[in-house]
Amino acid sequence: MMKLFPRRRRARRLEKELGKGLWRQAHDRYVRGLDRYHQVIEGIEDDETYSRLVVIGDELADQLDTVYELCRQAESSHPSQDLQVPGGATKLHSSLSRAANHLATTAEAAAMVRLGHGQAVAVRRRADQVRAALQDAQDSSV
């Protein structure tokens, strides 16, 4: 029961800073992709491969603060109560969506490694696409 209150406080803070619409959704999609990635790699038995994928996962997790800040700034300058992209925010939203999509494909690539049908280099390539999309998002938010 004790964990309930910090979770509620965090949810209220996210709602206050990211709103209930588009920017909250963009943030939450990234978080779900990150959670999925970490769930997938937990099943990898080879220690060397697991370690390589943990490093990649840590790099992706380090980007969460950037995603949060981009979404917070976007909510401040382009408030959204629904899923309509506000005028002037199309490029930012597109870049954030691409980052979340690339994160999902990074988790898929990690799943292929886990199943023995893929290589860690493919996971790295996908993770680099996440970072590139987030760099685009940062460039468009300036």
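Before reading on, note that the structure itself is shown above.
What you see is a predicted model; the values in this text were computed from it and never measured.

## Brief notes about the overall build of the chain
Line of reasoning, step 1. Helices and strands together make up the secondary structure of the chain, namely six helices and zero strands.
Line of reasoning, step 2. Ordered by position from the N terminus, the helices and strands of the chain form the series α-α-α-α-α-α.
Line of reasoning, step 3. Over its C-alpha trace the chain gives a radius of gyration of 16 Å, about what one expects of a compact globule, namely 14 Å for 142 residues.
Line of reasoning, step 4. Viewed in the frame of its principal axes, the chain has a C-alpha envelope of about 45 × 40 × 20 Å.
Line of reasoning, step 5. Looking at the chain as a whole, 36% of its 142 residues are labelled buried.
Line of reasoning, step 6. When the 22 basic and 20 acidic side-chain charges of the chain are each reduced to a single mean position, those positions are 6 Å apart.

## Observations regarding the pattern of salt bridges
Line of reasoning, step 1. Counted according to the given criterion, the structure contains seven salt bridges.
Line of reasoning, step 2. Notably, a salt bridge pairs Arg 131 with Glu 59, separated by 3.8 Å at the nearest N-O pair. Of this pair, Arg 131 sits in helix H6 (residues 120–141) while Glu 59 sits in helix H3 (residues 47–62); the two residues are 72 residues apart in sequence, bridging distant segments of the chain.
Line of reasoning, step 3. The shortest N-O distance in the salt bridge between Glu 69 and Arg 72 comes to 2.4 Å. A residue pair is termed a helical-turn pair when its members lie 3 or 4 positions apart in one helix, as Glu 69 and Arg 72 do in helix H4 (residues 64–77) at three residues.

## Things to note about the nonpolar core
Line of reasoning, step 1. Among the nonpolar cores identified, the biggest contains 34 residues, and Trp 23, Tyr 30, Tyr 37, Leu 53, Leu 60, Leu 96 and Val 123 are the most heavily contacted of them.
Line of reasoning, step 2. Among the secondary structure elements, those contributing two or more residues to this core are helix H2 (22–41), H3, H4, helix H5 (90–114) and H6.
Line of reasoning, step 3. Excluding its chain neighbours within four sequence positions, the residues that come into contact with Leu 53 are Tyr 37, Ile 41, Ile 44, Ala 110, Val 113, Ala 120 and Val 123.

## Brief notes about the packing of H2 against H3
Line of reasoning, step 1. Their axes nearest at 10 Å, the elements H2 and H3 cross at an angle of 170°. Classed by the angle they form, the pair H2 and H3 counts as roughly antiparallel. Residues Tyr 30, Leu 34, Tyr 37, His 38 and Ile 41 of H2 touch H3, and the partners they reach there are Tyr 50, Leu 53, Val 54, Ile 56, Gly 57, Asp 58, Leu 60 and Ala 61.
Line of reasoning, step 2. A breakdown of the residues in the contact of H2 with H3 according to their chemical character gives 10 nonpolar, two polar and one charged.

What counts, and where the lines are drawn
- Residues numbered from 1 in each chain as written.
- Predicted model: local features only at pLDDT ≥ 70, side-chain atom pairs only at ≥ 80, totals over all residues.
- Heavy atoms only, no water.
- Helix = DSSP H or I, 4+ residues; strand = E, 2+ residues; numbered from the N terminus.
- Rg over C-alpha atoms; globule rule 2.2 N^0.38 Å.
- Buried < 20%, exposed > 50% of the residue type's maximum accessible area, 1.4 Å probe, protein only.
- Lys, Arg positive; Asp, Glu negative; His and termini not counted.
- Charge placed at Lys NZ, Arg CZ, Asp CG, Glu CD.
- Salt bridge = Lys/Arg side-chain N within 4 Å of Asp/Glu carboxyl O.
- Core = buried A, V, L, I, M, F, W, Y, C linked by side-chain atoms within 4.5 Å.
- Contact = heavy atoms within 4.5 Å.
- Axes fitted to C-alpha atoms, helices over the stretch in contact; angles between N-to-C directions.
- Parallel < 35°, antiparallel > 145°, perpendicular 65-115°, else oblique.
- Nonpolar A, V, L, I, M, F, W, Y, C, P; charged D, E, K, R; others polar.

Any functional reading would require information that these geometric values do not contain.
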